Structures are given as structure tokens and as C-alpha cells.
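# Residue-level structure breakdown
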Amino acid sequence: MTISAPPFDPELKVVLDVVNQSISPTLLPEHLQALRGPGFTKTLDQLLAERDLEHREISVPGPDGAPELLISVFSRPGHTTGPGFFFTHVGGMIFGDRFVGVEPVLDYVEQVDAVVVTVEYRLAPEHPAPAALEDSYAALLWTAEHAAELGIDPERLLTIGGSAGGGLTAGITLMARDRGGPALAGQVIMYGMLDEQNDSVSAQQIDGIGIWDRTSNETGWNFLLGERRHFATLSRYESPASADSLAGLPPTYIEVGSAEVFRDEDVAYASAIWAAGGDAELHVWPGGYHLFELLAPDAELSRAARRTRGEWVRRRLSR
């Protein structure tokens, strides 16, 4: 039985109504190939046409026994040294490429002279967990080890990701804590996919509405984890909400919409960081649906979300 959901922001709802004409709130396994068609965010050519950026592609070693990984590196022309953002992309763990959802992160190239690194991790179901995690962690390690040649200040390297990429950000930040590095100045979890249980109140509320509803989330987690789902053999990296303790993490920024599946698990993750004595800032955007800042970038709420996140970034980097 569907529980009444919080209302969508009126300005965002206008955009959502248009988006839902071509993108259903509910994504089933048979929709996978369609999902892997042209995306709803900008291509590399569009990103480069709209911003004064330098871009290079680098092949880096993958995890042991796995193929090499392709990363993209974005920086200002003439950049020397600045903060670094290691980005993991949107896509439910099952679709998308390293450019999906990166546009808001590229703001920091312009605003704080940052370098943005984004990785092409392997997707489920062809490559189930922990492939995407291990790919992302391997690329993060490479980034930290080659910070000087990338123009990154190693003391100002942050992880950042949205949706599935937010879950990967949480996972690889836990891995960095547990595996002895790299040292991170912070992590940014945007509307993160953190809990394979998919049974929160917000998951039950967002059922058949919005973008990426509860059934869509089932599709993503089932493809990612397969028969291992709901079993104790899952690691805290694969489903970060299951971590016994979130002590020892770098300062964390978490944001989510009030009208999306991931609301409650993201709020709970911030609370668990506080319970462990950690540093976290949490924003729940009223009336925001999943990916609202990407789908409606000019909406007032989207501008507020980017501005507030950017303020945290600047405070974090100034310490």
C-alpha cells in the first residue's frame, strides 16, 4: 500500500511532468537497454562547449585481475595546483557513463580552481558488485598517488558522487578509512544510494511517482547484488548503510530531496556519522525529487542546492 508522499516543489513539478512523458518513474529489468541509450544530461562535447575547460583521458590500472580503467580529468587552462574532486557518476549502478551528473561538480573547476577526476567504472549486471566499488577505489588510489602530475594538492582531495555514485562515494570513503588511505579532506554524498534494504518510509512513499521510484531501486540493487541481496555476506562498502560504525570518516556533506526514495537512508547516514562523533552537514531539500538539480538546473531550489553545497566546499577547503 502506497503511503502519501511529500508534495513536489511546484516549480520542479512542471519539469517533472515533462520528463515523465519520456522517462517512467518505474524502471524494470526489461528497460535496461533503453536506459543505456542517450542520457538526460550533457555530453562531453556539450560540457566543453559551454565552459572554458581542459580535458584529458587517461587509462589507469584497474583492480587486480581486472581491465584498465578510463578516467577523465578536467581542469582550468593553465592550472598548476589546487583541490581535487574524485567523482563517481549517476546511473543506479546499471547505466550511464563518467559524464552523467558531473556538470555540477565542474562548477568547482571554475569556482575554486579544482581538478575533477571521473572514472568509467564497470556496470551491473554484467559486472556485479563489488566491481564498480573496486574500480572506483583503484582509480581513487591512482589519483592520490599521481596528485602532483594532475595538479591536485594531496591534502585537499575529496570524494563526491550522486545517486549510485553517492553510494560509491560512501563505499570508497569507507574503504579509504579501512585500507589505510588515501587521506581525504572530505566527502560529498548527493542523493546517495546507500541501503540495499530499500524498505524505508521514503522508499514506500515514492512508489510509481517521481524519478527512480522504489521499484526502480529494486531493479538496480537486484542487478548489482543478485542472489547475495539481503544476506550478511554483503560488505559495508556495497551497502554503506549497514556499516557498524561511521567513526573516522572525513568531514561529510549529504544532501537529498524530501520527495525521493533515498531521503531516509541519507538522513540516517548523517545521523550515524554524528552518533560516531563525526562531522557531517545535512540538507533535505523540500519538494525535491531524485536528480532535481540535473533535470531542472534553473529552478530556484536547484540553484539553492548548488549554492549551499558550494559554500560547504569553500569552507572545507579554506581550513
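Where burial is concerned, most of strand β4 (residues 115-119) is hidden: 5 out of the 5 residues are buried. Side chains V115, V117 and V119 project from β4 onto one buried face, and the interleaved V116 and T118 project onto a second face that is buried too. When strand β3 (residues 82-88) meets β4, the two strands line up parallel, connected through 4 bridges. When the bridges of β4 are listed, F86 appears paired with V117. Considered for its hand, the β-α-β crossover made up of β3, helix α4 (residues 103-112) and β4 is right-handed.

What follows is about helix α12 (residues 300-317). For α12, built from 18 residues, the straight-helix expectation of 26 Å at 1.5 Å per residue is met to within 8% by its first-to-last C-alpha distance of 26 Å. Restricting attention to buried positions, one finds in α12 the residues L301, S302, A304, A305, R306, T308, R309, G310, W312, V313, R316 and L317.

On to the pattern of salt bridges. Enumeration over the complete set of coordinates arrives at 21 salt bridges. Where R229 meets E196, a salt bridge forms, and the shortest distance between an N and an O atom there is 3.3 Å. Taken together, the residues span a long stretch of sequence, with R229 in the loop between α9 (214-225) and β7 (252-257) and E196 in the loop between β6 (186-190) and α8 (201-205) at a distance of 33 residues. Among the ionic pairs, D264 bridges to R263, the shortest N-O distance being 2.7 Å. Here R263 falls in the buried class, since its relative accessible area comes to 14%. One connected set of salt bridges, linked through shared partners, spans R51, D107, E110, E255, E293, R306 and R309.

We now examine the packing of α4 against α12. The geometry of α4 relative to α12 is characterised by a closest axis approach of 11 Å and an angle of 50 degrees between their N-to-C directions. In terms of orientation, α4 and α12 fall into the oblique class. In this structure, α4 crosses over α12, and the sense of that crossing is right-handed. Counted together, P104, D107, Y108, Q111 and V112 of α4 and R306, R309, G310, V313, R314 and L317 of α12 form the full contact between these two elements. Each residue belonging to the contact of α4 with α12 can be placed in one class, and the counts come to 5 nonpolar, 2 polar and 4 charged.

Turning to the environment of Y237, a few remarks are in order. Examined against the element boundaries, Y237 turns out to sit in the loop between α9 and β7. Between the C-alpha atom of Y237 and that of M175, which follows or precedes it by 62 residues, the distance is 6.9 Å. Leave out the neighbours within four places in its chain, and Y237 touches L133, G171, L174, M175 and D178. In this structure the side chain of Y237 is engaged in a polar contact, spanning 2.7 Å, whose partner is the side chain of D178.

Quick look at the side chain of R98 now. Considering the arrangement of structural elements, one finds R98 in the loop between β3 and α4. A distance of 2.8 Å separates polar atoms of two side chains, one belonging to R98 and the other to E120. Not counting residues within four places of it along the chain, the set of residues in contact with R98 comprises E57, L70, I71, S72, F87, H89, T118, V119 and E120.

If you trace the 8 strands from one edge of the open sheet to the other, you get β1-β2-β4-β3-β5-β6-β7-β8, paired in mixed fashion. Whereas interior strands pair on both sides, the edge strands pair on one side only; in this sheet they are β1 (54-60) and β8 (280-285). For this sheet, the mean angle separating the axes of adjacent strands, direction not counted, is 20 degrees. Alignment of strand β2 (residues 69-75) against β4, held across 4 bridges, turns out to be antiparallel.

Glancing now at the packing of aromatic side chains. The full count for this structure, using the stated rule, is 4 aromatic pairs. Considering the side-chain rings of Y253 and W312, the 5.6 Å spacing of their centres and the 45 degrees angle between planes classify their relative orientation as tilted. Of the two residues, Y253 sits in strand β7 while W312 sits in helix α12, which places them 59 residues apart along the sequence. For the pair formed by Y253 and W312, the shared burial category is buried.

Scoring rules and cut-offs
- Residues numbered from 1 in each chain as written.
- Predicted model: local features only at pLDDT ≥ 70, side-chain atom pairs only at ≥ 80, totals over all residues.
- Heavy atoms only, no water.
- Buried < 20%, exposed > 50% of the residue type's maximum accessible area, 1.4 Å probe, protein only.
- Helix = DSSP H or I, 4+ residues; strand = E, 2+ residues; numbered from the N terminus.
- Pairing = 2+ DSSP bridges.
- Right-handed = clockwise from strand over helix to strand, strands pointing away.
- Expected span 1.5 Å × (residues − 1).
- Salt bridge = Lys/Arg side-chain N within 4 Å of Asp/Glu carboxyl O.
- Axes fitted to C-alpha atoms, helices over the stretch in contact; angles between N-to-C directions.
- Parallel < 35°, antiparallel > 145°, perpendicular 65-115°, else oblique.
- Left-handed = near helix turned anticlockwise from the far one by under 90°.
- Contact = heavy atoms within 4.5 Å.
- Nonpolar A, V, L, I, M, F, W, Y, C, P; charged D, E, K, R; others polar.
- Polar contact = N/O pair within 3.5 Å; in protein donor to acceptor, adjacent residues only side chain to side chain.
- Phe/Tyr/Trp six-rings, centres within 6.5 Å; stacked < 30°, edge-to-face > 60°.

Just geometry here; none of it tells us what the structure is for.
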